[in-house]
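# Overview (structure and organization)
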Amino acid sequence: MTTLAIVRKNGQVAIAADGLTTFGDTRLSGEYKRDPDKLLYVADSWIGVCGSSAHHLVLESAFAQLEEVSFDSREEIYDTFRRLHPVLKEHAFLNPKEEDDDPYESSQVTCVIANATGIYAVYSYREVFDFDRFWAAGSGRSFALGAMYAAYNSQLSAEDIARLGVRAGVEFDTASGGKIVSYLMQLSDVTRSREEEQ
């Protein structure tokens, strides 16, 4: 799996990911891969994907097939992933079944998103969550959440806290490791002014 972390603090958003890929019991660290990054850049957003190692390439291809891709709000993210689902089924041969009593077909994707409007997470049934401070995903998420919770009210920046969360995942989660990659963005003026009004 992986450790992914997103943080929103002081007008900035950050995303961070570890660099390890696993195939069962085999570990493939970033030094053996040409593209060690688990983060995709799509529609002015950084997307961290966890789950199958196939997701990265599949999602790059699938997003390119959509006429419009927007991650500017919870509703727009939902709509983008709703339109993405049939593309995943028809062009990437997604198996949408998890359990017999599932309420919806699964997209089999868990991801976190950071952009100028905020930080979000999307889960397999296209549930979208909008976060105020921080969140984590992947097998190392519990370690990342604890580390970020302990550090959030410190003087550390959004990027420092995201990297700290992933570092905790790398330290304690058996399926996370390698070089940590992170990106930092400014919240848009519109988003910041909306927050100041609240």
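My aim in this report is to walk through the structure given alongside it, one point at a time. Bear in mind the structure is a predicted one, so any value in this text is a computation, not a measurement.

What follows concerns the overall build of the protein. Scanning the protein for helices and strands turns up five helices and 11 strands. The C-alpha atoms of the protein give a radius of gyration of 16 Å, which matches the 16 Å a tight globule of 198 residues would have. By its C-alpha atoms, the protein is 45 × 40 × 35 Å across when sized along the principal axes. Looking at the protein as a whole, 48% of its 198 residues qualify as buried. Considering only contacts within the protein whose residues lie at least 6 apart along the sequence, 58% involve residues at least 24 apart. A total accessible area of about 10,600 Å² is found for the protein, and carbon and sulfur atoms account for 48% of it. Separation of charge centres in the protein, based on 19 positive and 31 negative side chains, amounts to 4 Å.

A cluster of like negative charges, contributed by D44, E67, E68, D72, E75, E76, D130 and D132, occupies part of the molecular surface. Considering the arrangement of structural elements, one finds E76 in helix α2 (residues 74-91). In this structure E76 comes out as partly exposed when scored by relative accessible area, which is 34%.

The tally for this structure, following the rule as stated, stands at 10 aromatic pairs. Ring geometry for F63 against F71: centres 5.7 Å apart, planes inclined by 90°, an arrangement best described as edge-to-face. The exposure class of F63 is buried, given its relative accessible area of 4%. On the basis of an interplanar angle of 35° and a centroid distance of 5.7 Å, the ring pair of F143 and F172 is categorised as tilted.

We now examine the packing of helix α1 (residues 55-65) against α2. Relative orientation of the contacting elements α1 and α2 amounts to 115°, with a least axis distance of 9 Å. Considered as vectors, α1 and α2 are oriented roughly perpendicular to each other. The crossing of α1 and α2 is right-handed. The segment α1 lies against α2, with V58, L59, A62, F63 and Q65 engaging T80, F81, L84, V87, L88 and H91. Classifying every residue of the contact of α1 with α2 by side-chain character gives eight nonpolar, three polar and no charged.

Okay, the sheet that holds strand β9 (residues 128-131) next. Ordered by their spatial adjacency, five strands build an open sheet running β5-β6-β7-β8-β9, and the pairing between neighbours is antiparallel. If you trace the sheet from one side to the other, it starts and ends with β5 (39-42) and β9, each paired once. Pairwise comparison of adjacent strand axes, ignoring direction, gives a mean angle of 25° for this sheet. Relative to β9, strand β8 (residues 118-122) is paired through four bridges, and the arrangement is antiparallel. For V122, the partnering residue across the bridge sits in β9 and is V128. Seen against the sheet, α2 touches β7 (110-115), β8 and β9 and runs at an angle of roughly 150° to β9.

Take the nonpolar core next. Judged by nonpolar contacts, the single largest core of 21 residues is most densely connected at I47, F63, F81 and I113. Mapped onto this core, the elements with two or more residues apiece are β5, β6 (45-50), α1, α2, β7 and β8. Take this core: its biggest share by element is five residues, from α2. Those residues in contact with I113 that lie beyond four places of it in its chain are I6, S45, W46, I47, F71, I77, F81, G118, I119, Y120 and V122. Of all hydrophobic cores here, the second largest spans 17 residues; its members include I15, L39, W46 and C50.

Reading the values: rules and limits
- Residues numbered from 1 in each chain as written.
- Predicted model: local features only at pLDDT ≥ 70, side-chain atom pairs only at ≥ 80, totals over all residues.
- Heavy atoms only, no water.
- Helix = DSSP H or I, 4+ residues; strand = E, 2+ residues; numbered from the N terminus.
- Rg over C-alpha atoms; globule rule 2.2 N^0.38 Å.
- Buried < 20%, exposed > 50% of the residue type's maximum accessible area, 1.4 Å probe, protein only.
- Contact = heavy atoms within 4.5 Å.
- Areas by Shrake-Rupley, 256 points an atom, 1.4 Å probe, with all protein chains shown as cover.
- Lys, Arg positive; Asp, Glu negative; His and termini not counted.
- Charge placed at Lys NZ, Arg CZ, Asp CG, Glu CD.
- Patch = residues over 30% accessible without salt bridge, like charges linked within 9 Å, V, L, I, M, F, W, Y side chains within 5 Å.
- Salt bridge = Lys/Arg side-chain N within 4 Å of Asp/Glu carboxyl O.
- Phe/Tyr/Trp six-rings, centres within 6.5 Å; stacked < 30°, edge-to-face > 60°.
- Axes fitted to C-alpha atoms, helices over the stretch in contact; angles between N-to-C directions.
- Parallel < 35°, antiparallel > 145°, perpendicular 65-115°, else oblique.
- Left-handed = near helix turned anticlockwise from the far one by under 90°.
- Nonpolar A, V, L, I, M, F, W, Y, C, P; charged D, E, K, R; others polar.
- Pairing = 2+ DSSP bridges.
- Core = buried A, V, L, I, M, F, W, Y, C linked by side-chain atoms within 4.5 Å.

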